[in-house]
Protein chains: 2
Amino acid sequence: MTDRSPLTRPFPPLTPIGGVTLRVARAHYKTWDRADLTLIELVEGTTVAGVFTRNVCCSSEVEMGRKQVRLGRARAVVVNAGNSNAFTGYRGRDAVEAIMAQVAAHLGCAPSDVFVSSTGVIGVPLPQDKARAGVAAALSAPATSWEEAALTIGTTDTFPKGSGASAMLGSTRVELAGIIKGSGMIAPDMATMLGYIATDAAVAPAFLQEMLSKANQESFSCITVDGDTSTSDTVLLLATGKAGNAPLEGWESPGADAFYAALRQLCLDLAQLVVRDGEGARKFITVSVTGAESDESARRIGLVVANSPLVKTAIAGEDANWGRVVMAVGKAGEPADRDRLSIGFGGIWAAREGMPLANYDEAPVAAHLKGEEVTLEIDLGLADGRATVWTCDLTHGYISINADYRS
Amino acid sequence: MTDRSPLTRPFPPLTPIGGVTLRVARAHYKTWDRADLTLIELVEGTTVAGVFTRNVCCSSEVEMGRKQVRLGRARAVVVNAGNSNAFTGYRGRDAVEAIMAQVAAHLGCAPSDVFVSSTGVIGVPLPQDKARAGVAAALSAPATSWEEAALTIGTTDTFPKGSGASAMLGSTRVELAGIIKGSGMIAPDMATMLGYIATDAAVAPAFLQEMLSKANQESFSCITVDGDTSTSDTVLLLATGKAGNAPLEGWESPGADAFYAALRQLCLDLAQLVVRDGEGARKFITVSVTGAESDESARRIGLVVANSPLVKTAIAGEDANWGRVVMAVGKAGEPADRDRLSIGFGGIWAAREGMPLANYDEAPVAAHLKGEEVTLEIDLGLADGRATVWTCDLTHGYISINADYRS
C-alpha cells in the first residue's frame, strides 16, 4: 500500500462471527508479493442480501450476483483483487462460473450459493488457471482475521477498512462485522467499492434485503469521491443465524429495530471510511441539506454539491466560497429558491435567504476550513426534506493519482 | 490577462455590422487598469433572441433578460465585468433597473429594450454609482472594434474570443459577428459564459429565437469544462435588419437555411473557443457518440463522458484508458449495452463490442493522445442517434486556479 491517507482510521477490533470462516491465498493476479484472493466460508443456512452498482455496463460478477441474491442463500464469497474481469465478454463470465463450480464442488452446495467479486485491471479476462490454483489454496488455508481479509480485498486502498456493531434481539446478543475496499485507484484499475458484512443473527432473506436496501440509501448511496460510478460496486450482507435468535421476519419481529440501527451504523462507518481513503483526499466533508421539498430531493442536491469540482476545490483551498455552493444547488434541477437559500460552514451561516450576512465574521469559518473535518450546511427554506452526504476535497493528489501515470 | 491558454486562437478579422455600434468605458468595478463596461448600441428595429442558464439560482440579469427577449426588441446591451451581481437580492435587481433606465433615457427607448449582463464577484450588489458613471462614459465614448469589446467583456479569460460568418439571402449578403467570454475563473468569480452575436440581417423575433435555440442545442449545450453551470450564462442574438433583405419569417423564407448554417457555424466556433480557454486546459477533446437510441441520448452520454473526472484525467495523462470511458457511458443512465459498445481514440478502435481488440496496436493511439487535439469515439451499436460534444482535460492547472488561492 502507498502512503496512507491523512484521513485514515485504525482498524477496529472485530469479533469473529459464528458461522463465518475467513481465508486468504495468493492467486498471483498481478506480480505482487501479497495475498489477493479472499474466501468467506459460510455455514449452511446462511441468508444473503446485496446491493449493486446501477452502472448499466456492469461486470459479469454483478450481473450474476444480482440473480443469486434473489435466491437468498449463500455458502461462500470469493473476492479477487488485481483483475476486475470487467468488459471481458463471455470469457469473463466463464471465469466466474468456473470459480462458482470449483467452490460448490468442495463445499457440496449449489454453484448459485457461491458469490464472486473482482476488482482491478479491466478488459483482461480473469485468468482461469490462476483463479483455480488460488481458490484451491484458499480452500485449504488456515482461518484468518477480518483485518487480514480487509487487506486482501484491497487494491490501491491506502489502509484496511472495517467496522463492527452489536444488537440485542430480546435476550440474544448478535454481532455484526464488515469490511470494505475502495476509492484508491492507480494504473488502469477502477475505483470499485466492494463491501462484505456478516452477522450471526438469523434473518429471513426478504427482510435482510429490505434492511440492506434501506441502510444503503442512507450510507453507500450518500457518498461520492468524484461522481464516477464503478461497473463492479457490490455490498453483500450475510446472516448465518448462529446466534440462535428467533429469525427476524419483518419490522414487527422483536429486536428488528435494534438490528437495523446496528446495521445502519455499520454501513455508515464503512461508507465514510471509503471517503476517508478518497483519492488525494485531505479533508473529510459532511454536507447537510435541510429544508428541501423531500428527503430524496435533499439527497440529490447534496450529491450535486458534493460532486461539484468548484465546491471541492474551494474547500481544498480552505475558501468559504458560498457562491459556488449556490451555483451547485441551482444546477441540481431540484426545487430551490435563490432568495430563501442559506449556506453555512462549520455551523456558521455565511449567507441567509439569498444574501450574504451583513455582519458575517469570516474568521471562525476560516479556522473551521483549516481543519480535516469540514461541514457544509445548506438550508433550502422550502419544506422539511433533509439528507446528509459525505465527500472529500479535490486536490492535486487526485490529478496526480489519475493523470500522472501511463497504463 | 494571465498566461494564454496553450489552445488559444488568434482573434479573427471581423466585419463591422450595420446598425451596431460598440463602445467601452471604465466603470472601475475592480481596482484594475482596464475598460470593464461594454455598450452595444443597436439601431431602431433591431430584433433579439436569447438563451440563458438553466440554473434555478440565476441572477437578476438572467431573470429579467428572459422576460425581455419575449418582447423581441433590443436597442442596447450593457455588459459589466468584475461583478456578477448574483445572489444579491433586491439590491441587485435595483442596480440592473437603474442601468436600463439610464440607457433608455439616453436612447429614447423603453427600459425593456436595454439588456444587462454582469460577470465577476458574486454576493456583492453591483455598485450603482460606479455603474452610473461607467454607463455615462460609455454613452459618449467613441465607437470601437469587436476585439476591444471581446477584451472588455472578459474577466479571467486568457484570450479574447470572436468569430464571424456571412450568408447570401437571395442576392443580399448578410454578415454575422460574435464575441464570447468564459471559462477562466479566479477569486470568487463564477465561470460565466456570456456571448453576443450581431447580424445585419432582418429576422422576425420568433424565428430568430427558434434558430438560436436550435443552434444552441448543437453548440453551447454541447460543451463542458467541469460540469458546473453558472448562474448567469447568457447568449444574445441581435438582428439589425440593415442589410435590407426581406425579413426571414420561417424556414420557408428564401435564404433561411443559409442564414442558419452561418449562425450554427458561428455558435460552434464561439462554443469551442470557450473550451479552448477552459481552466487549466492543455488538450481540446472532441467526443463523438454514434449508435445511440436518439440524438438527445447521444448528447447526454457525450456530456457524462466529457464531465467524468476519470476520463478527463486519463486524457490529461495521455492514457488510452477506454475502461474509464465504458464506466462513464454506463453511469449516464441512458440505453447502452456493454457487449455492443465500441470505444476508439483518434479514429482507431481500442475496444469493439464489449471486448478489447485482439490485435489492438496502441502505438498510433498513444501518438494521437500526445497531441493537443484529441478525439474520442463511442459507438453504442443500438440505433442511429448521434452527437458531438467538446471538452478539455482536467489538469493540475484546474486545481491550481480553483483551489490554490483565497477569496
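Every chain begins its residue count from 1, and numbering advances along the sequence as written. Labels follow written order: the first chain is A, the first ligand is 1, and so on. Only residues with pLDDT of 70 or above have their local features reported here, since the model is predicted, and side-chain atom pairs are shown and tallied only from 80 upward, although totals for entire chains, interfaces and linings are computed over all residues.

### Concerning the overall build of chain A
Secondary structure assignment for chain A yields 11 helices and 15 strands. Radius of gyration means the value over C-alpha atoms here, while the globule rule gives 2.2 Å times the residue count to the 0.38 power. Computed over C-alpha atoms, the radius of gyration of chain A comes to 22 Å, within 12% of the 22 Å expected from 2.2 N^0.38 for 407 residues, which places it in the range of a compact globule. In terms of its C-alpha atoms, chain A occupies a principal-axis envelope of roughly 70 × 55 × 35 Å. Each residue is classified by how many other C-beta atoms fall within 10 Å of its C-beta atom, where C-beta atoms are placed from the backbone; a count of 20 or more means buried, 12 or fewer means exposed, and values in between mean partly exposed. Counting the 407 residues in chain A, one finds 59% classified as buried. Helix and strand assignments follow DSSP, with helices taken as H or I runs no shorter than four residues and strands as E runs no shorter than two, numbered in order from the N terminus.

### Quick notes on the domain arrangement of chain A
All names here are of chain A. For every domain, the bounds stem from an assignment made automatically or drawn from a database. Here the domain parsing of chain A yields domain 1 (20-276) and domain 2 (284-403). In this structure, domain 1 and domain 2 have C-alpha centres spaced 33 Å apart. Note on contacts: each residue gets a C-beta atom placed from the backbone, and two residues are in contact if those atoms are within 7 Å. Taken together, the contact between domain 1 and domain 2 spans 11 residues of the former and 13 residues of the latter. Of the residues contributing to the side of domain 1 that touches domain 2, the split by class is seven nonpolar, three polar and one charged. Three categories are distinguished: nonpolar for Ala, Val, Leu, Ile, Met, Phe, Trp, Tyr, Cys and Pro, charged for Asp, Glu, Lys and Arg, and polar for the others, with Gly belonging to the last.

### Here's the deal with the interface of chain A and chain B
Taken together, the 50 residues of chain A in the interface contact 50 residues of chain B. Going through the elements one at a time, helix 8 (309-316), helix 9 (322-331), strand 13 (355-356) and helix 11 (396-403) of chain A are the ones with two or more residues in the side of chain A that touches chain B. The leading source of residues in the side of chain A that touches chain B is helix 9 of chain A, at seven residues. Here the residues of the side of chain A that touches chain B sort into 24 nonpolar, 18 polar and eight charged.

### Here's the deal with unusual backbone geometry
Residue and element names in this part refer to chain A. Of note in the backbone geometry, H28 takes a positive phi value of approximately 55° without being a glycine. By secondary structure assignment, the location of H28 is in the loop between strand 1 (20-25) and strand 2 (37-42). The exposure class assigned to H28 is partly exposed, which follows from the 16 C-beta atoms found within 10 Å. Despite not being glycine, E353 has its phi angle at roughly 50°, a positive value.

### As for the relation of the copies chain A and chain B
When the copies are overlaid, the least-squares fit takes in C-alpha atoms only where the residue has pLDDT of at least 70 in both copies. If you rotate chain A by 180° and push it 0.0 Å along the axis, it lands on chain B with an RMSD of 0.0 Å. Here the symmetry operator amounts to a two-fold rotation axis. Proximity to the rotation axis, assessed at the C-alpha, singles out H396 of chain A in chain A; its C-alpha lies 2.9 Å from the axis.

### Section: the pairing of strand 1 (residues 20-25) of chain B
Residue and element names in this part refer to chain B. Of all six residues in strand 1, five are buried; the element is thus mostly enclosed. Here strand 1 runs beside strand 2 (residues 37-42); their pairing, made up of six bridges, is antiparallel. Pairing of L22 across the sheet is with I40, part of strand 2. Any two strands with at least two DSSP-identified bridges between them are counted as paired.

### Examining the environment of R338 of chain A
In this structure, R338 of chain A sits in the loop between helix 9 and strand 11 (342-345). Given 23 C-beta atoms within 10 Å, R338 of chain A falls into the buried group. Once the C-alpha coordinates of R338 of chain A and V374 of chain A are considered, the two residues, 36 residues apart in sequence, prove to be 24 Å apart. When residues no more than four places from it in sequence are discounted, the contact partners of R338 of chain A are G354 of chain A together with C57 and F87 of chain B.

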